[in-house]
Amino acid sequence: MSPAPLKVALVGYGFVGKTFHAPLIAATPGLELHTVVSSDAAKVRADFPEVAVVNADLVRAVADPAIDLVVIATPDALHASQAHVALDAGKHVVIDKPFAVTLDEARAIADHASRAKRLVSVFQNRRWDGDFLTLQALIERGHLGEIVQYESHFDRFRPLVRDRWREKLGAGVLLDLGPHLIDQALVLFGRPKAIYADIAVQKEGGVAGDYFHLLLRYPRLRVLLHASQMTQATNLRMAVHGTKGSFIKSGLDAQEDHLKAGMKPGEPGYGDDPRPGVLIQLEDDEPVSTAVQPLPADYRAYYAGIRDAITSGAPSPVPVEEALLVMEVIDAAQRSAAERREIAL
């Protein structure tokens, strides 16, 4: 007989909880979406009629002895307090990015998890983007040689300020999209020597940073991470240059659009990206371009890793130490932008 699935309580059923976490949890063998903490029971039951809904009462939800794992998909400012509540109840915890609003809050969660002997991980799903997996494979196979410049973008055109928490004071794109870009760079290259950051509000009437440009300095390598909500030419995803070649990829990984369209993870076509990247290498001193089809992508790999870490002691798919390093970089970037200087790590 297969072991009983881990029972999961999902906290929050806004865009992130509904679009990403709930369908991924439900589609991962060995996990069961048992409870959702939400004030909108009808919205939850329209998608998952069999799931218990607790009306915005986290303490009651995590007190249920049946719950093994708590997934926090609420606004950033709630991450730290809710993580502590879940850990106090003896539960393992997954937190949607960012880990917390501040580095000190993130460190306190990590310390609490260590004392409680419970897993804490941050949902860095974009480690399983097809373009990123493809780039990792190209680097591992030596097609690019030593990387000397890595440029990664999440650009959008959303010029109007919307009434949502992500655009309030204290939020912004560095905490929203920055964790993805930073995490991918750290997975590839490790801790940088120093960081320089420019953060700006470019929207008319905006109060939260809607633009950032980070320069992560390594001994030879330079990493450029960029996000803007005032960019109409949003196609460039990454441009990576090495001593043996370059890789250029346009267009975002398809999984978010597929999930928003209601596709279920694992369905035929889910995660397929029809836009190949381009590998450029010299042959007889002439540049030759080769189309590179993105590797298969599936965000369920994150939750499968969480399942295995809890049930069999396998390594966490996103260890808490790596999540803390992302927060260190964000903290340094905020200080760099405020002080207009490079910050050493």
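Residues numbered from 1 in each chain as written. Predicted model: local features only at pLDDT ≥ 70, side-chain atom pairs only at ≥ 80, totals over all residues. Heavy atoms only, no water.

Peer 1: Help me understand unusual backbone geometry in this model?
Peer 2: Of all residues except glycine, most have a negative phi; of all peptide bonds, most are trans. In this model, Lys 97 is joined to Pro 98 through a cis peptide bond whose omega is -5 degrees. Along the chain, Pro 98 falls in the loop between strand 5 (92-96) and helix 5 (103-116). Not every positive phi belongs to a glycine, and Ala 56 is a case in point at roughly 55 degrees. Positionally, Ala 56 belongs in the loop between strand 3 (52-54) and helix 3 (58-63). The backbone of Asp 285 sits at a positive phi, close to 65 degrees, despite the residue not being glycine. Locating Asp 285 in the fold gives a position in the loop between strand 13 (277-283) and strand 14 (286-292). Here Asp 285 falls in the exposed class, since its relative accessible area comes to 68%. (Helix = DSSP H or I, 4+ residues; strand = E, 2+ residues; numbered from the N terminus. Buried < 20%, exposed > 50% of the residue type's maximum accessible area, 1.4 Å probe, protein only.)

Peer 1: Just to check I follow, could you spell out the sheet that holds strand 3 for this structure?
Peer 2: The strands making up a sheet are joined through hydrogen bonds of the backbone, oriented either antiparallel or parallel. One open sheet holds the six strands; their spatial order is 3-2-1-4-5-6, and the pairing between them is parallel. A strand with exactly one partner marks an edge of an open sheet, and here the two such strands are strand 3 and strand 6 (120-123). Within this sheet the neighbouring strands show an average axis-to-axis angle of 25 degrees, counted without direction. Relative to strand 5, strand 4 (residues 69-72) runs parallel, the two being bridged by four bridges. Bridge pairing in strand 5 places Val 71 opposite Val 94. Helix-sheet contacts for helix 10 (residues 300-312) involve strand 1 (6-11), strand 2 (31-37), strand 4, strand 5 and strand 6, and the interaxial angle to strand 6 is about 175 degrees. (Pairing = 2+ DSSP bridges. Axes fitted to C-alpha atoms, helices over the stretch in contact; angles between N-to-C directions. Contact = heavy atoms within 4.5 Å.)

Peer 1: Help me out: how do you make sense of the nonpolar core in this one?
Peer 2: A general tendency of soluble globular proteins is for nonpolar side chains to be buried together. Grouped together as the largest cluster of nonpolar side chains are 65 residues, with contacts concentrated most on Phe 99, Ile 109, Tyr 150, Leu 214 and Leu 225. The contacts of Tyr 150, once residues within four sequence positions are left out, are Leu 135, Gln 184, Ala 185, Leu 188, Phe 189, Leu 221, Arg 222, Val 223, Leu 224, Leu 225, Ala 239 and Val 240. By size, the runner-up hydrophobic cluster in this structure holds 33 residues, among which are Leu 10, Trp 128, Leu 259 and Met 263. (Core = buried A, V, L, I, M, F, W, Y, C linked by side-chain atoms within 4.5 Å.)

Peer 1: Please explain the sheet that holds strand 10 (residues 222-228) as it appears in this structure.
Peer 2: The strand order across the open sheet formed by nine strands is 14-13-12-11-7-10-9-8-15, and the pairing between neighbours is mixed. Two strands lie at the open edges of the sheet, namely strand 14 and strand 15 (343-344), each paired on one side alone. In the sheet, strand 8 (residues 194-200) pairs with strand 15 via two bridges, with the strands oriented antiparallel. Across the sheet, Ala 194 pairs through a bridge with Ala 344, a residue of strand 15. The sheet contacts of helix 8 (residues 178-189) involve strand 7 (147-155), strand 9 (211-217), strand 10 and strand 11 (236-242), and relative to strand 7 the element is tilted by about 160 degrees. Of the strands in this sheet, strand 8, strand 9 and strand 15 are in contact with helix 11 (residues 320-339), which crosses strand 8 at around 65 degrees.

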